[in-house]
Amino acid sequence: MKKQRVTVGLVLVLILALGAVVLPAYAQTLPDNVREKGIAAVQQALNRTDRPTNWEFVIEYNIHNTNLDCPLVTGTNVDQSILVYALTLYYDGYGYGVRVSSDASLVQLCDPAFITGAPSDSGATNPVPVPAASWWAVLVDDATRSLHWVNPGGLFTTTPWPVLPNQNMTWTPAMMLSRDGHYLVMVANRTDGLMSVGFYDLQVGAFTQVHTAQQGETISRVQRYAFDAASQRVAVGFQSQTGWRVIIFDLASGAALAQLTNTHPDVAAALNDPTLVPPLVSPVPVFFANHGGQDVVYLQMLIPVDAPTQLPAIQWRVPPVTQLPEVAASTLTYPFPDMLPATVQSAITYHDPNVPLATPPGGGPVLMHNAVGSAGLFDLQPLYSDGARLLYGPHWGANGQMVGFWGIDSTGSANGYWIVPGSPTLNQFVTSPQTMMNINEGLLWQDQNGNVYLQRPTNIQPQVIYTVPRSGLWMLWALSPDSPFALTNLLASGGSAGSTTSGYSCAGAPPTRLVVGSLARVANTGTPLRLRDVPGGAWLQDLPVGTVVTVIGGPQCSANYSWWNLRLPDGSTGWSAEGDLTEYFLELAS
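Just so it is clear, the model here is predicted, and its values are computed rather than measured. (Residues numbered from 1 in each chain as written. Predicted model: local features only at pLDDT ≥ 70, side-chain atom pairs only at ≥ 80, totals over all residues. Heavy atoms only, no water.)

A. Region of interest: the overall build of the protein chain. The helix and strand inventory of the protein chain stands at four helices and 41 strands. Buried residues in the protein chain amount to 55% of all 590 residues. A separation of at least 24 residues holds for 54% of the contacts in the protein chain among residues at least 6 apart in sequence. For the protein chain, the accessible surface area stands at approximately 24300 Å², while carbon and sulfur atoms represent 53% of it. (Helix = DSSP H or I, 4+ residues; strand = E, 2+ residues; numbered from the N terminus. Buried < 20%, exposed > 50% of the residue type's maximum accessible area, 1.4 Å probe, protein only. Contact = heavy atoms within 4.5 Å. Areas by Shrake-Rupley, 256 points an atom, 1.4 Å probe, with all protein chains shown as cover.)

In structure tokens:
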């Protein structure tokens, strides 16, 4: 394969795929009176007198409401647009959103925590029961650092982002939920320049484990179908200047189960190209499948070349099968496919040589495609060709009954379109989508004005599901059509993994050393540790010395002990005491 110069468009594609995080807040001067107004408002709301540990800000223009465009409060129109500063102030690792007018005369609290209650230092808030619904979606709100949970009835609830240990708060993390909605995987930059990936259990409101990348190593943005069908495991790609690796993690424990590196002897044979070596390629797991009881992870190799029609791709069999190579070439080579996991069909765009190729001003997207198709592992079914537009970003809808995509015409105008396979009609969205997601009922999509729509294949007019009247909102996830929703309750922690328990004390108990989200080990005191149903309650079982558990709640003081809610390796939970004045029963696990 011929090596060519990297284009700006492809660099952007690589950034999005690798999860290399987005731009920090504007580096402009924040007026002192604006900053102090915001700090005073947050201090009063949180009943605190100490100053926040840090802050960042952006400048917002054309605000027309006295609510300063905050979605959580009401306001009336003003006669003219005003200049507003959007601030995020940090206490104990959690960012609180607030907006202040440039003259410091108006201030509004924009963070969900000001309504639902500020997160406590001890971890998670009360669980929110989750009702049954035909579909669920999650939207990321950059302005308030929160997640909006949406179903057919509209907005269900809003929760704050979890925060990784030592997370660099000036960057937006990359996130994705498991196919059943139970786990959230976060990839973020750290304050020391490294990157971390964390596995967050939304049912219990805590990280199961956090892994830090090696020096100089980046972590790929996790794709929607990089999770297995049971949402128990996920494949994550790591890349550096000298090599790459893909790790399969267990979501319930965060443990690494298997690893593939570029030095595996089967990799070179599968790629069949000696030029495809690090850092010229980086792996992106796009699909975690199970074929007849055999797990197969499909990997695409991002390569720095101009306008690749197809990407080098491999399949990794886990565990390896006798008489078959562990790694083999894959036919899933079309860039960034949207999958139908039940049939392993990809919605793709490609170049149809029988149809003219449009040439918009500026060259259009880096992938010069004029056709939409459905690609299986061994075949390609053409669905639509267009000689007047360049097409990109295909997404299934209604579980294969429709396909949405974007097109750029000869004037350079970009719009969103959708088709029904087998129909010659090209339908245009009422406004151009920013993001799309496949659900059983149709295509769920969101525009730049904060409107969330449901487009059904049988209706030209979409249904408005939810509106947040501002930018900075984007669709993160929708429930996979082949997966049942796994959350019966939603427990959102406002604190960070590894947050402290400042202000907590328990008479007769030693100082606490554990934190919610950490791993703990039963200390070698010579006797097992008792696990109880509640602090000081009924005995459940004895935990042998050396047992590693996840701390998911606490501490609670009872009978001169600090009690912690623990999750065992088998998924069961209970409460144990941390120690007494002579020794600790639980210790932090490295």
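Alright, that's what it looks like, and here's the rest.
B. Inspection of the sheet that holds strand 17 (residues 282-291) at higher detail. Pairing is antiparallel in the open sheet, where four strands are placed in the order 17-18-19-20. Looking at which strands have only one partner, the edges of the open sheet turn out to be strand 17 and strand 20 (327-329). Between one strand and the next, the sheet's axes are offset by a mean angle of 25°, whatever the strand orientation. In this sheet, strand 20 lies alongside strand 19 (residues 313-318) in antiparallel orientation, the contact comprising three bridges. Paired with Trp 316 across the bridge in strand 20 is Val 327. (Pairing = 2+ DSSP bridges. Axes fitted to C-alpha atoms, helices over the stretch in contact; angles between N-to-C directions.)

C. Highlighting unusual backbone geometry. Looking along the chain, the bond that leaves Pro 278 and enters Pro 279 is cis, with omega of 0°. Note that Pro 279 resides in the loop between helix 4 (265-271) and strand 17. Residue Pro 319 is bonded to the preceding Val 318 through a cis peptide linkage, with omega at -10°. Tracing the sequence through the fold places Pro 319 in the loop between strand 19 and strand 20.

D. Layout of the environment of Gln 315. Locating Gln 315 in the fold gives a position in strand 19. Assessed through its relative accessible area of 16%, Gln 315 is described here as buried. Distance in space between the C-alpha atoms of Gln 315 and Val 327 is 5.7 Å, their sequence separation being twelve residues. Engagement of the side chain of Gln 315 in a polar contact is seen with the backbone oxygen of Ala 329, the distance being 3.0 Å. (Polar contact = N/O pair within 3.5 Å; in protein donor to acceptor, adjacent residues only side chain to side chain.)

E. Local environment of the pairing of strand 19. Among the six residues that make up strand 19, six are buried, leaving the element largely enclosed by the rest of the structure. Here strand 19 shows a buried face lined by Ala 313, Gln 315 and Arg 317 and a second buried face lined by Ile 314, Trp 316 and Val 318. One ladder, built from six bridges, connects strand 18 (residues 294-302) with strand 19; its direction is antiparallel. Bridging from a neighbouring strand, Leu 299 pairs with Ile 314 of strand 19.

F. Focus on the environment of Trp 161. Within the secondary structure, Trp 161 is located in the loop between strand 8 (154-160) and strand 9 (174-177). Separated by 25 residues in the primary sequence, Trp 161 and Met 186 have C-alpha atoms spaced 9.6 Å apart. Within the structure, the side chain of Trp 161 is placed 3.2 Å from the backbone oxygen of Ser 146, a separation counted as a polar contact.

G. Focus on helix 2 (residues 32-46). In this model, helix 2 (15 residues) spans 21 Å end to end at C-alpha, consistent with the 21 Å of a helix rising 1.5 Å per residue. Phi for Asn 47, located one or two positions after helix 2, is positive at around 55°. (Expected span 1.5 Å × (residues − 1).)

H. Looking closely at the side chain of Asp 201. Secondary-structure assignment places Asp 201 in strand 11 (residues 195-201). For Asp 201, the side chain forms a polar contact with the side chain of Arg 567, separated by 3.3 Å. Aside from chain neighbours lying at most four places away, what touches Asp 201 is His 182, Tyr 183, Ala 206, Thr 208 and Arg 567.

I. Looking closely at the pattern of salt bridges. In total, this model carries 13 salt bridges according to the counting rule given. Notably, a salt bridge pairs Asp 228 with Arg 233, separated by 3.2 Å at the nearest N-O pair. Residues joined in a network through salt bridges with shared partners are Asp 32, Arg 35, Glu 36 and Arg 51. (Salt bridge = Lys/Arg side-chain N within 4 Å of Asp/Glu carboxyl O.)

J. Fine view of the sheet that holds strand 9. Spatially, 9-10-11-12 is the arrangement adopted by the four strands of the open sheet, whose pairing is antiparallel. Single-partner strands in this sheet number two, and they are strand 9 and strand 12 (206-212). If you compare each strand with its neighbour and ignore which way they point, the axes differ by 15° on average. Relative to strand 12, strand 11 runs antiparallel, the two being bridged by six bridges. Paired with Tyr 200 across the bridge in strand 12 is Phe 207.

K. Expanded view of the packing of aromatic side chains. In this structure the tally under the stated criterion is 14 aromatic pairs. Relative to Phe 207, the ring of Tyr 200 lies with its centre 5.0 Å away and its plane at 75°, an arrangement referred to as edge-to-face. Owing to a relative accessible area of 3%, Tyr 200 belongs among the buried residues under this scheme. Across from the ring centre of Phe 238, 4.6 Å away, lies the NZ or CZ of Arg 245, which sits over that ring. (Phe/Tyr/Trp six-rings, centres within 6.5 Å; stacked < 30°, edge-to-face > 60°. Lys NZ or Arg CZ within 6 Å of the ring centre and 35° of its normal.)

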